[in-house]
Structure formats: structure tokens, C-alpha cells
Amino acid sequence: MTTTAPPALAPAWREWIVENLAMGVPIDQVRPAAVAGCGDPDTVDAELAGLADHPYFTVCRRLALRYDWMESVLDTYRALRNADGGQVLERRSGIGPEEFFTRYYLGHRPVVLEAMMSDWPALGWTLDTLADRCGDARVEVMTGRDANPDHAWQYDRHRTEMAFRDYLALVGSGGRTNDYYMVPRNENWSGALRPLAADVRPPPGIVDPSGGGHLLLGPAGTVTPLHMDNSSVLLCQVLGRKRVRLVPSYERHLVYPRGGTFSAVDAADPDLRRHPRYAEATVLETVLQPGEMLLIPVGWWHWVEALDVSATVTFHHFRIPGQNHKLATPPAAAASD
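Everything quoted here is computed from the prediction, not taken from an experiment.

1. Let's talk about the pattern of salt bridges
Tallying each qualifying case throughout the model produces 22 salt bridges. Between R109 and D84 there is a salt bridge, with its nearest N and O atoms 2.5 Å apart. Taken together, the residues span a long stretch of sequence, with R109 in the loop between helix 5 (97-105) and strand 2 (111-114) and D84 in the loop between helix 4 (55-82) and strand 1 (90-93) at a distance of 25 residues. Relative accessible area serves as the criterion here: at 9%, R109 is assigned to the buried category. Residue D84 is classed as partly exposed on the basis of its relative accessible area, which comes to 43%. Among the ionic pairs, R159 bridges to D156, the shortest N-O distance being 2.8 Å. Given the relative accessible area of 54%, D156 is considered exposed. Through salt bridges with shared partners, a single network forms among R176, R243, R245, E285 and E305.

2. Side note on the side chain of N178
When you line up the elements, N178 lands in the loop between helix 7 (164-173) and strand 5 (214-218). Judged by its relative accessible area of 16%, N178 is buried. Setting aside anything within four residues of it in sequence, one finds N178 in contact with R145, D146, H151, G221, T222 and V223.

3. Considerations on the packing of aromatic side chains
A complete count under the given rule lists 9 aromatic pairs for this structure. Plain terms: the ring middles of Y167 and Y180 are 6.4 Å apart, the flat faces sit at 85 degrees to each other, and that makes the pair edge-to-face. Here the residue Y167 occupies a position in helix 7, and Y180 occupies one in the loop between helix 7 and strand 5, the gap between them amounting to 13 residues. This pair shows no difference in class: Y167 is buried, exactly as Y180 is. Each member of the aromatic cluster is reached from another via a ring pair, and the members are F100, F101, Y105 and F318.

The rules we used
- Residues numbered from 1 in each chain as written.
- Predicted model: local features only at pLDDT ≥ 70, side-chain atom pairs only at ≥ 80, totals over all residues.
- Heavy atoms only, no water.
- Salt bridge = Lys/Arg side-chain N within 4 Å of Asp/Glu carboxyl O.
- Helix = DSSP H or I, 4+ residues; strand = E, 2+ residues; numbered from the N terminus.
- Buried < 20%, exposed > 50% of the residue type's maximum accessible area, 1.4 Å probe, protein only.
- Contact = heavy atoms within 4.5 Å.
- Phe/Tyr/Trp six-rings, centres within 6.5 Å; stacked < 30°, edge-to-face > 60°.

Pasting the structure below:
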């Protein structure tokens, strides 16, 4: 009498099991999460048994041990930073360029800047006034996002061109949704919507205005999943509120990177069975109000949710001596879940 072999696990779950075990996550944590995900304990047990002496897994574990030392350095840096206020997102007003660069940009600390946008005509924007100004302009937006959980890093599949007036009407009447959003991956701000740039005032001595900017515009409910940018960003909230969650750059090993610069963790509702190390991450949170700026340092992970119809202007070029600091783009092939 023969015993029927259990069905094979889906490739994504096989990769998840190997990576977590290679990183040293105990098997008594990996197994229940995998069983909960695929629903078949026999299949999971067969996979675990096959890994025990597999030479590929042996090599994976050996490489992972080399990274353990690097992670221990990052964990030590995290402990030192936490002892120096690293678990607090500071809010400041009235700071000048010298303190901004010394303590925050070069200090690799995020900060909310208050009362530095009072002279921005953009704070008077409404959907109607934007339609009056640039309604006939052709703009690019991302649509159909709800149908693709990986829309944020598969953005080329979602590019849609329409009249700005039509997009504004969609934003104003569609209610709470994440299905469409104007994100920075286009030439809207420097092209069709260029007249609106006259309504913003890049902070003198901090932002290089010749570097231009970007406009993010969408309904309540838009979510940018946890990700990091390869350069520092000054996020300036113009219309509506946004909730932001931040994780330090030196905690990359706790956020399960995937798709190059994105995280597999749903920062709105983390699944700690599937991503147990995220429980160790330092998560700083704020609600950004109109008229407030947020410096997101290079490499810092951030998740953003629009609480209202929202417009945000971002700047990426700073008046720092020499070149702005940038990271090399991580390979998408290094994605993990």
C-alpha cells in the first residue's frame, strides 16, 4: 500500500520558509505561520523535512550567518540611536538651514516642520480652484490599483492619461478609495501642471528650487505601502491630512524587503506570524496636517495613508554642500516576503 505524497507548496511559501529559516527564525514560529497560510500541515512538514539536509539550504544558512554580524552592527546602532531620542519623531518650528542640516539631514533623523508654509498660496487650493486653473491639462494618474496588490512597484501597468478636470471630479465624487492616485512617477508637475508651481515656496536655504518637485493628489483612502526612497524627501502637506508611519533605515532587516524598495509587511495591519521580526521594528507615527512638512531621510521606510482628499508637494533636492546623498537601487530580484 502506498501513501499519497502531499501536494507541493506554492513557490511563494517555499521561498518564505527558506528565507525565514535561513535568517534564524525558529522552526516553531515558521511552521504555524506556514500552516496558517497554506492550510495543509502535511505539505508544510514535507517541505521542512526536505530542507533539513538540502545543500542549497545549507549554503543559504551559511550566507545568512555572514549577514548576522552586519545585522548585529545595525542593532547596536539602533540601541545607541534609541538612547539618543531615536524613538521620538520630533516636531519643530522656526529652525534655520544650519540646524536643519546638522541635526536632521546629516543626523539622519526625520522631523516634522511646523509653521513653515504660511506663505504658500497653495494652502488655498480646492478641487474647484485647481480645475479652474488647469482643468484642460492632460495628466497621468495611476488607476486600477485595487486589482493588483503589487501596484506600487508594478506602476507601469497602471499609467492612465486623462484631463485634469476629469481626474479632479473623480477624486471629489468617488468617496474613500485606493483605486486611483496621482503619484510622482510622471512629468505632471514640470509639464501640464507647471502653473501650480507658482503657488509653492520651497524653504529658502534648505531646498534647491532648481530641482523641481512633484505633486501627489488623490481621494481619502489612498495608501502608499511601506517602502523606502533612494534619496531624502521633504513632504509638504497642502490639502487634507495624511497618516505616516516611519521605520529607520538601519532596521531594513526587520521589514522584509521585496520588489527592490518595498516591504512585504502591511504596515496598516502587520501579520506578525508571517513577518515576526517586524515586531522588533521602531515605528514612528504622525498625522501630517495642512501646512506641515516632513523630512524623510534617505533610506527610511515609510507608509502613508490619506485621511482626507489630499494634495502633497514633495522636494528631493537639498542645498547640501556637494551632492545630495543617494542609495544605489536595490535589485528587485532580492525581493523577499
